[in-house]
Structures are given as C-alpha cells and as structure tokens.
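Listed below are the residues making up each chain.
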Amino acid sequence: MSLTESQPAAATLPDLVDPAFWARPREERVALFEELRRLPHPAFIRQSMPGVPWVSGYHALVKYADIAEASRRPQDFSSKGATTIVGLPPELDEYYGSMINMDNPEHSRLRRIVSRSFGRNAVPEFEAVATRTARRIIRELVARGPGDFIRPVAAEMPIAVLADMMGIPEEDHEFLFERSNTIVGPLDPDYVPNPADAERVVVEASRELGDYIARLRDERLAHPRNDLITKLVQVQSDGEQLTRQELVSFFILLVIAGMETTRNAISHALVLLTEHPEQKQLLLSDFEAHAKSAVEEILRVSTPINWMRRIAARDCELNGHRFRRGDRLFLFYWSGNRDESVFPDPYRFDITRGANPHVTFGAVGPHVCLGAHLARLEITVLYRELLAALPGIHAVGRPRRLKSSFVEGIKRLDCAF
C-alpha cells in the first residue's frame, strides 16, 4: 500500500480500531503506521459500522507530536467517551462514566478527590503492599513449577495489590479476574464464544462489579476500616465525597485500566527479556542501576493501551490541520511510541535508552494516568523479586494475543525456570 499526500487510497485503508487489523502479522501493523506517520496530516479512515449510520470515519493521530498536542488541549478535544469507538450506550454509562471519559469541571473534581488517597503521597504504603504481594506470588510459583504465567503472576500482581489496598478478600480475586477478562475481551471467542452476546455479557459483568463495590461501600460507611474504599467514601475535609455511582465507575476504571495495563506490561516484559537475552543479562548484572530505564522501555514497547478517542469540541487547528466540531480522532499510542522523530531506532528494545517520553500513560495534559506511579512500582517490585529468585525464568512458546484493538493484551503465556 502506498499513500500520497492527498491520500487517494483512503478508501482502502483498514479500520485501525477493528480487532481484525491488530490480529494481522506485526510486520503489517509496523509498515502501515510508518506510512501513516509520513503523511503531512492525519489520515482520514473511512468506517462503516452496522447500526451506526452517522459514523463515516475518523482521523488517525499516529505521530507523537499530534498525540501530545491533542492531549494538552482538552478545550479543543473532548475526552467524553474516550475509551469507546462510538460512545457509551445508556446501559453502560453508569459503569464507565468515570473521569477518564469526562471533561472539566467534572474530571478535575473527581481527580482531586481520588488523588488524595491514590496519588504519589501513598507510594510508601503501595511499595510495602507490592513487595509483600510479589514475594507471596513467587513463593507460590516456585512451589507450583513451570507453566502459566498470566493468571498466577502477571494478573495476580495488580489484582492482589489493589485488593489489599481496598480491603477485598483473596477469595474474590478470581471474580475480579474473570469479570475483567469479559469486559476487555468481549470479541475474543475464548471469553465470549458467541459474538452476538458481547454487549449483553459486558453489561452483566459491569453490573456485577458495580453491585460488588456498592456493597463494600455500604459496609465501609457503616463500619469504616483503614483501607482505600473507606478513604474514598468518607467526606473529605472540604466537604467533597464520591457518590455511589462515582465510586462504582472509579472502581471499574481501576479494575480495567489499572489491572489490565499492569498485567499486560508484566506479561510483555517476560517475552521481551526472553527474546533479548543480552538485555536480560544486563538487567541481572545490576538490577537497581537499570530498573528505572528498563521499566520505561518495557512500557514503551508493550504499550498496553493502543488508543484513546477524542472529539473536536469546536472548529480548531492542530499542527497545521483543520478539524471541524464533532470530528472523531483516535490517538494511537502504539504508533506514537514508535515515532522515529522521537525514539531513535524505535523497534530496538534497549533498557539503557536515555530520554524515553513514551505516551503509554497518555501524553501531557489533564488525562495523564493517575495510577502510572503505581503501575511502574508494581512492575519494578515484581521483577526485582522474580529475577532474584528465578534468574533463569523465560517465556516458552508464542504468547496468545487477546482479540482486541483497544488492549494490547496477552491472554496466554507459559514460563519455565
């Protein structure tokens, strides 16, 4: 496929938010995004969606500079429905109307309340929980022996850390894991065999998560504890408080965004360290010296969330291109993290890479991920403990990718040691 400045081949471009595109060989994905980044302006991708006649297509922001610029201008580019392709159906709005899908002033109010209990000032507490959790996971892995890496290690780490912080019992970890799989993988036959059931099962899983956290909310209001749920439901010093619906949507955001992002970064890390044994040896030679840059490189290369959506809130211009009010834009983080103008030799996995301003947690602006520090901490702590206990651990066979365009997920990966 060859694209010119006028983009005559627009009608033949694949839909970049279709899971079928992300299921293609990686080389095809790399080649297409490289061509799109060479265009002077964002490509317009034509899109036909059954039952959504008003959708004609969207603009694909694939360059680092375009993604960053759109992210820092929320007054021009709205985040309403950022995690969806065409917007939230009414039956899901209650569960996904969280701050990631909001604009100011609602977004800033919720972020302000949540950050008091979830921000960087809580890092020491998080690190103690993460270290305790990682050591328990690795003890169980050693006792169990080689085999599945996803459920007992990569997924268990963020689930257990979040559950510990929120006062959720261990027997409910599987409930969170299964509902999370359903919500992020409704088009994957391993999770939802019949595609016609996709919307129904997502609604059911979301309702179950919502009912679960609502019950915990009521319990903490009646019997407060020293945990994150109690802190979130209590009235703040300035009189602010999360409503029931706000707590439900924030909890689901933590389950999906927090758990899935960290889970998949941990999974991709094992694959990357297995495929690049020289980088693994360098990390093993002095973990503390290389850990910070290694984690950033893992996050850049893995890019667990492939895209977010924006809507032009008014007629405006971005890096020389005019957008009209109502235009849909998709910010392709996977492509931005491989932009040659920002990352020299972008397809090289290099844990000593210097400047690494990846957009894995979003670019600059009000919507940069609030839990980024926790994800970094969990990845660092897990691999510190894992490589110390099992320096020979490696991935076995090819990872099985989740059928999704939104999440760069690995649903099956075996390990040996």
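Here is what the cut-offs are and how they apply
Residues numbered from 1 in each chain as written. Predicted model: local features only at pLDDT ≥ 70, side-chain atom pairs only at ≥ 80, totals over all residues. Heavy atoms only, no water. Helix = DSSP H or I, 4+ residues; strand = E, 2+ residues; numbered from the N terminus. Rg over C-alpha atoms; globule rule 2.2 N^0.38 Å. Contact = heavy atoms within 4.5 Å. Areas by Shrake-Rupley, 256 points an atom, 1.4 Å probe, with all protein chains shown as cover. Lys, Arg positive; Asp, Glu negative; His and termini not counted. Charge placed at Lys NZ, Arg CZ, Asp CG, Glu CD. Core = buried A, V, L, I, M, F, W, Y, C linked by side-chain atoms within 4.5 Å. Buried < 20%, exposed > 50% of the residue type's maximum accessible area, 1.4 Å probe, protein only. Pairing = 2+ DSSP bridges. Polar contact = N/O pair within 3.5 Å; in protein donor to acceptor, adjacent residues only side chain to side chain. Axes fitted to C-alpha atoms, helices over the stretch in contact; angles between N-to-C directions. Left-handed = near helix turned anticlockwise from the far one by under 90°. Nonpolar A, V, L, I, M, F, W, Y, C, P; charged D, E, K, R; others polar. Phe/Tyr/Trp six-rings, centres within 6.5 Å; stacked < 30°, edge-to-face > 60°. Salt bridge = Lys/Arg side-chain N within 4 Å of Asp/Glu carboxyl O.

Draft legend 1. Main features of the overall build of the protein. Secondary structure summary: the protein contains 15 helices and 10 strands in total. Its C-alpha atoms give the protein a radius of gyration of 21 Å, near enough to 22 Å, the size a compact globule of 417 residues would have. Of the contacts formed within the protein by residues at least 6 apart in sequence, a portion of 71% connects residues at least 24 apart. Looking at the protein as shown, the accessible area adds up to about 17,600 Å², and 53% of this sits on carbon and sulfur atoms. Each charge class in the protein was averaged separately, 52 positive and 57 negative side chains, and the resulting centres sit 2 Å apart.

Draft legend 2. Geometry of the nonpolar core. Among the nonpolar cores identified, the biggest contains 134 residues, and Leu16, Phe149, Phe332 and Tyr383 are the most heavily contacted of them. Counting residues per element, this core draws most heavily on helix α11 (residues 244-275), which supplies 17 residues. Setting aside its immediate chain neighbours within four residues, Leu16 contacts Phe21, Trp22, Leu32, Phe33, Leu36, Ile45, Tyr58, Ala60, Phe332 and Ser405.

Draft legend 3. Fine view of the sheet that holds strand β2 (residues 57-61). The strand order across the open sheet formed by five strands is β1-β2-β8-β5-β3, and the pairing between neighbours is mixed. Of all the strands in the sheet, the pair left with one neighbour each is β1 (43-46) and β3 (77-78). For β2 and strand β8 (residues 328-332), the ladder comprises three bridges, and the chain directions are parallel. Paired with Ala60 across the bridge in β8 is Phe330.

Draft legend 4. Structural detail: the side chain of Gln47. With respect to the helices and strands, Gln47 occurs in the loop between β1 and β2. Engagement of the side chain of Gln47 in a polar contact is seen with the side chain of Asp15, the distance being 3.2 Å. If we skip the residues at most four places from it in the chain, Gln47 touches Asp15, Val17, Val55, Ser56, Gly57, Tyr58, Ile85 and Arg328.

Draft legend 5. Expanded view of the packing of helix α6 (residues 123-144) against helix α15 (residues 372-389). At a minimum axis distance of 9 Å, the contact between α6 and α15 shows a crossing angle of 35°. Regarding α6 and α15, the two cross each other, and that crossing is right-handed. Facing α6, whose interface residues are Val123, Phe126, Glu127, Ala130, Thr131, Ala134, Arg135, Ile138 and Leu141, α15 presents His373, Leu374, Leu377, Val381, Leu382, Arg384, Glu385, Leu386 and Ala389. A breakdown of the residues in the contact of α6 with α15 according to their chemical character gives 12 nonpolar, two polar and four charged.

Draft legend 6. Highlighting the pairing of strand β5 (residues 307-312). Counting buried positions over the six residues of β5 gives six, a clear majority of the element. Of the two faces of β5, both are covered, the one formed by Trp307, Arg309 and Ile311 as well as the one formed by Met308, Arg310 and Ala312. Strand direction decides the pairing type here: β3 and β5, joined by two bridges, are antiparallel. Within β5, the residue paired with Phe77 across the bridge is Ala312. The pairing of β5 with β8 spans five bridges and is classified as antiparallel. What sits directly across from Arg310, in β8, is Leu329.

Draft legend 7. Just the side chain of Arg179, in detail. Here Arg179 lies in helix α8 (residues 173-184). Only 3.3 Å separates the side chain of Arg179 from the side chain of Glu178, close enough to count as a polar contact. The contacts of Arg179, once residues within four sequence positions are left out, are Ala205, Glu208 and Leu209.

Draft legend 8. Examining the packing of aromatic side chains more closely. Tallying each qualifying case throughout the model produces 14 aromatic pairs. Seen from their ring centres, Phe33 and Trp334 are 5.8 Å apart, and the 40° between their planes marks the pair as tilted. One end of the pair, Phe33, is in helix α2 (residues 26-38); the other, Trp334, is in helix α14 (residues 333-336), and 301 residues separate them in sequence. Per residue, the accessibility class of Phe33 equals that of Trp334, and both read buried. Ring geometry for Tyr64 against Phe343: centres 5.9 Å apart, planes inclined by 75°, an arrangement best described as edge-to-face.

Draft legend 9. Broad picture of the pattern of salt bridges. Enumeration according to the criterion identifies 35 salt bridges in this entry. Glu204 serves as the salt-bridge partner of Arg200, at 3.0 Å between the closest nitrogen and oxygen. In this pair, Arg200 and Glu204 both sit in helix α9 (residues 198-222), four residues apart, roughly one turn of the helix. For Arg200, a relative accessible area of 42% puts it in the partly exposed group.

Draft legend 10. Looking closely at the pairing of strand β10 (residues 410-416). By the criterion of burial, β10 is predominantly enclosed, with five of the seven residues buried. Note that strand β4 (residues 147-148) and β10 share two bridges and pair antiparallel. Note that in β10 the partner of Gly147 across the bridge is Cys415. As judged from the five bridges shared by strand β9 (residues 394-401) and β10, these two strands associate in the antiparallel manner. Bridging from a neighbouring strand, His394 pairs with Ala416 of β10.

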